[in-house]
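Remarks on the overall topology
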Amino acid sequence: MRLQGIDVAGAVGRFPVAPGAARAIRVGGQTVSPGRARVVHLCPAGGTDPAEAIAVWVAAGARPGPRVTIIGAPRGFEIVAARVAAGLSAVVDPAVLNGGIVVVPVMRPGGRFAAHGRPVRAGASWRFPGDPGGNRRAREAFGLFSELAVGSTLLVVLTAPDPGRTAVLTVRGDWSDSRTRRLAAAAGTAVALDEKPRIGTLAAAAAQMGSAVLEICAPSETTGDDDLHSALRGLLDASGSLPSHHLAPSASRSVPAVTTLTLVRASIGGFLHDVISAGQIVPRGAVLARITPPLAGRAVEIRAPHDALVLEAGTRAGVRARAPLCFLGRVPHAWVKRPLEPIHNAASVGHGSVADLPRTGDHAHPQHVGWVESVSLPGLGVDRLRAKIDTGARTSALHVTRMTTVGTTDAPHRRSILELTLPGGSRRGARPIVVRVQVRDHVQVKDTSGRSERRPVIETTLRLGTLERKIRVTLTNRGDMVYPMLIGRTALGPGIVVDPTRRLLLTPRKGKSRN
């Protein structure tokens, strides 16, 4: 396995690199100088037990560039993910590296490949970003989040399907972030899936802090090293971590994009027959599997609920009732020209790519909103919050009842970490929400009365009807205002038409309109 160039999608933008000297990387209390690499043993929450230590390979590039964190085997059993992540230490030369790479081959201590076989009670119970003042598991999660995610431009999670299952080589990311869309095309996987990281995971916490986050799923738990390695190499190329003269000539490639995922469960338990394979394209009503009861009874057929690409399927001969049978990705009917023909690579399907994903708020189909709308901030856990749409204001503002600095991020950019108390939503009796966020900047804002105030700025996701995008929000006390949030014109962007005579156009209501 060597770092040779692979074909990537054309016109993939690289991360901007700030001018200046290369930076050292500090992980686990140890500093790695530019042009050097070493293995660091990271103990969560400052422990010293070697069974709880996580091995981390840190390479600091000799040139300035992005910092990329690669997490392998996040659940502790993905052999191929751990193998590919560990293999980077043998093929990446820090002397020609831009920025830095932090590699964790096995995220969970005490997993299948741990040097010390004694099981550890942490890992599965971590909920990121954690809490430095919480219980031990919360402190461990906060320590790992601070060491691995904070300061990273790109976080890549390498994973695999559960034991006894196979999958299509897939890259997953939040396509509302333009960076992940470009990088997903560069990975050159068979399929790209639009899926936000699950709340509480390291990926979700890193995305909330402003990092680009992608997950690459290998075809199986134990096989697919070359495919996974090539996809990872494509991401490193596109991020700018590897020198441009090492790149192979770009080739245009259409990566099929799936935006809806469906889980199909077994209706009964029994023996499996004629099970569909991962990578098959099936029309609506096609038989996915037949289940025969152990002793008596007729076989039950499980059929596809819609035209679909089989992203993941089981390989075992038996199944329990209500157990997951396969995962389907909804596809256009035009894809189903030759049913049951496997998809081997991106070029085998010429319909629907990551670059062609529909963008909400397109100029051709503008979205109409009122001067007051109900919005959500999923990255902060805020749902159905009344907001004033103000095109006369440049910046957006969010009401906070309490704001406390609880720490700072690690190098290269030391930024404050705030603990905020936010309104829980517009519903009566909604409980306040307490979250931790990273400050991206500070700005001077002058209100309508002419008073100037210095406010912290954070990045989060705004959901307004079908529109979903990353925005910057200033934090302030809006207790004397009618609406807890104000959305300015930079957050709205193109493709939005504001009707100043209407309100709550995006909120379905019963009865007669009050507009």
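Residues numbered from 1 in each chain as written. Predicted model: local features only at pLDDT ≥ 70, side-chain atom pairs only at ≥ 80, totals over all residues. Heavy atoms only, no water.

1. Regarding the overall build of the protein
This is how it is decided: Only runs of H or I of at least four residues qualify as helices and only runs of E of at least two qualify as strands under DSSP, and these elements are numbered from the N terminus. A 1.4 Å probe rolled over the protein chains alone gives each residue an accessible area, and that area as a share of the maximum for its type sets the label: buried under 20%, exposed over 50%, partly exposed in between. In this analysis, two residues are considered to be in contact whenever any of their non-hydrogen atoms come within 4.5 Å of each other. Shrake-Rupley sampling with a 1.4 Å probe provides the accessible areas, and residues are treated as covered by the protein chains on show and by no other component.
Scanning the protein from terminus to terminus reveals six helices and 32 strands. When each of the 515 residues of the protein is scored for burial, the buried share is 49%. In the protein, 68% of the contacts between residues at least 6 apart in sequence involve partners at least 24 apart. Counting only carbon and sulfur atoms, one obtains 51% of the accessible surface of the protein, whose full area is about 23,700 Å².

2. A closer look at helix 5 (residues 225–239)
Stated precisely, the cut-off is as follows: Given the number of residues in a helix, its expected span is that number minus one, multiplied by 1.5 Å.
In a regular helix each residue adds 1.5 Å, so 15 residues correspond to 21 Å; helix 5 covers 21 Å between its end C-alpha atoms and thus fits that length. For helix 5, the tally of buried residues reaches 12 of 15 residues, placing the bulk of the element in the interior. Within the sequence span of helix 5, burial applies to Asp225, Leu228, His229, Ala231, Leu232, Arg233, Gly234, Leu235, Leu236, Asp237, Ala238 and Ser239. Its buried side turned inward, helix 5 meets strand 5 (63–72), helix 1 (79–91), strand 6 (98–104), strand 7 (154–159), helix 3 (178–187) and strand 11 (212–217). Taken from the residues just after helix 5, Gly240 is the one with a positive phi, measuring 95 degrees.

3. Points about the sheet that holds strand 14 (residues 270–273)
Each strand in a sheet pairs with another by means of backbone hydrogen bonds, the pair being arranged parallel or else antiparallel. In plain terms, the rule: Two strands pair under a simple rule: DSSP has to find at least two bridges between them.
Taken together, the four strands give an open sheet; going across it, the order is 17-16-14-19, and neighbouring strands pair in antiparallel fashion. Every interior strand has two partners, whereas the edge strands, strand 17 (300–303) and strand 19 (318–319), have only one. In this structure, strand 14 lies alongside strand 19, joined through two bridges in antiparallel fashion. Considered in strand 19, the bridge of Phe271 is made with Gly318.

4. Structural notes on the confidence of the model for the protein
Quick note on the threshold: The quantity known as pLDDT measures the predictor's confidence residue by residue, on a range of 0 to 100.
Looking at the protein, the pLDDT average stands at 81 and 80% of residues meet or exceed 70. The low-confidence segment residues 245–253 (pLDDT under 50) makes 21 contacts with residues lying over four places distant or belonging to another chain. With pLDDT under 50 throughout, residues 344–351 is counted as low confidence; its partners more than four residues away or in other chains account for 19 contacts.

5. Topic: the pattern of salt bridges
Quick note on the threshold: The term salt bridge refers to a side-chain nitrogen of Lys or Arg lying within 4 Å of a carboxyl oxygen of Asp or Glu.
Scanning the entire structure with this criterion turns up 19 salt bridges. One salt bridge connects Arg165 with Glu312, and the closest N-O pair in it is separated by 2.7 Å. Within this pair, whereas Arg165 is found in strand 8 (residues 165–167), its partner Glu312 is found in strand 18 (residues 308–314), the two being separated by 147 residues in sequence. When the shortest N-O distance is used, the salt bridge between Arg172 and Glu195 registers 2.8 Å. With Arg172 in strand 9 (residues 170–173) and Glu195 in the loop between strand 10 (191–194) and helix 4 (202–208), this pair connects stretches of sequence that are 23 residues apart. Connected through salt bridges with shared partners, the residues Asp131, Arg402, Glu419 and Arg436 form a single ionic network.

6. Concerning the nonpolar core
Stated precisely, the cut-off is as follows: What is meant by a nonpolar core is a set of buried Ala, Val, Leu, Ile, Met, Phe, Trp, Tyr and Cys residues, joined one to another through side-chain atoms within 4.5 Å.
Of all hydrophobic cores here, the largest spans 36 residues; its most connected members are Ile70, Val156, Leu158, Ile216 and Leu228. The element contributing the most residues to this core is helix 5, with six residues. If near-sequence neighbours (up to four positions away) are discounted, Leu158 is found in contact with Ile70, Ile71, Gly72, Ala73, Pro74, Ala81, Val84, Ala85, Ile216, Leu228 and Leu232.

7. Describing helix 3
Counting buried positions along helix 3 gives seven out of 10 residues, so the element sits mostly inside the fold. Those residues of helix 3 that sit buried are Thr180, Arg181, Leu183, Ala184, Ala185, Ala186 and Ala187.

8. A short note on the packing of helix 3 against helix 5
Just so we agree on the cut-off: Angular values range over 0 to 180 degrees, each being the angle between N-to-C directions of two axes fitted as lines to C-alpha atoms, with helices fitted over their stretch in contact. Comment on the angle field: the value is read as roughly parallel under 35 degrees, roughly antiparallel over 145, roughly perpendicular from 65 to 115, and oblique elsewhere. In this scheme, a crossing is called left-handed if the near helix is turned counterclockwise away from the far one by less than a right angle; it is called right-handed if the turn is clockwise. Following the grouping adopted for this structure description, the nonpolar residues are Ala, Val, Leu, Ile, Met, Phe, Trp, Tyr, Cys and Pro, the charged ones are Asp, Glu, Lys and Arg, and the polar ones are all others, Gly among them.
Packing of helix 3 against helix 5 leaves a shortest axis separation of 7 Å and a crossing angle of 135 degrees. As the angle between them shows, helix 3 and helix 5 are arranged oblique. Helix 5 is crossed by helix 3, and the crossing has right-handed handedness. Where helix 3 abuts helix 5, its residues Leu183, Ala186 and Ala187 lie against Ser230, Ala231, Gly234, Leu235, Ala238 and Ser239. Of the residues in the contact of helix 3 with helix 5, the class split is six nonpolar, three polar and no charged.

9. Quick notes on unusual backbone geometry
At the junction of Phe128 and Pro129, the peptide bond is cis and its omega measures out at 10 degrees in the coordinates. Looking at where Pro129 falls in the secondary structure, it is placed in the loop between strand 6 and helix 2 (136–149). Even without being glycine, Asp274 reaches a positive phi, approximately 50 degrees. You can see Asp274 is positioned in the loop between strand 14 and strand 15 (281–282). Residue Asp274 is classed as exposed on the basis of its relative accessible area of 54%. Despite not being glycine, Arg322 shows a phi value in the positive range, around 70 degrees. With respect to the secondary-structure elements, Arg322 resides in the loop between strand 19 and strand 20 (324–330).

10. Remarks on the packing of aromatic side chains
Convention followed: Ring pairs are drawn from Phe, Tyr and Trp, using the six-membered ring of Trp, whenever the two centres fall within 6.5 Å, and their geometry is named by plane angle: stacked under 30 degrees, edge-to-face over 60, tilted for the rest.
Inspection of the entire model under this criterion finds two aromatic pairs. Plain terms: the ring middles of Trp371 and Tyr483 are 6.0 Å apart, the flat faces sit at 85 degrees to each other, and that makes the pair edge-to-face. Separated by 112 residues along the polypeptide, Trp371 in the loop between strand 21 (367–370) and strand 22 (372–377) and Tyr483 in the loop between strand 30 (467–476) and strand 31 (485–487) bring together distant segments of the chain. By relative accessible area, Trp371 is classed as partly exposed at 31%.

11. Some points on the sheet that holds strand 4 (residues 54–60)
An order of 3-4-6-5-7-11-9-10-12 is seen for the nine strands of this open sheet, with the pairing classed as mixed. This sheet does not close on itself; its edge strands, each paired only once, are strand 3 (36–42) and strand 12 (257–258). Pairing geometry for strand 4 and strand 6, over four bridges, is antiparallel. Looking at the pairing, Val58 lines up with Val102 of strand 6. This element, helix 3, spans strand 7, strand 9 and strand 11 of the sheet and lies at about 30 degrees to strand 11.

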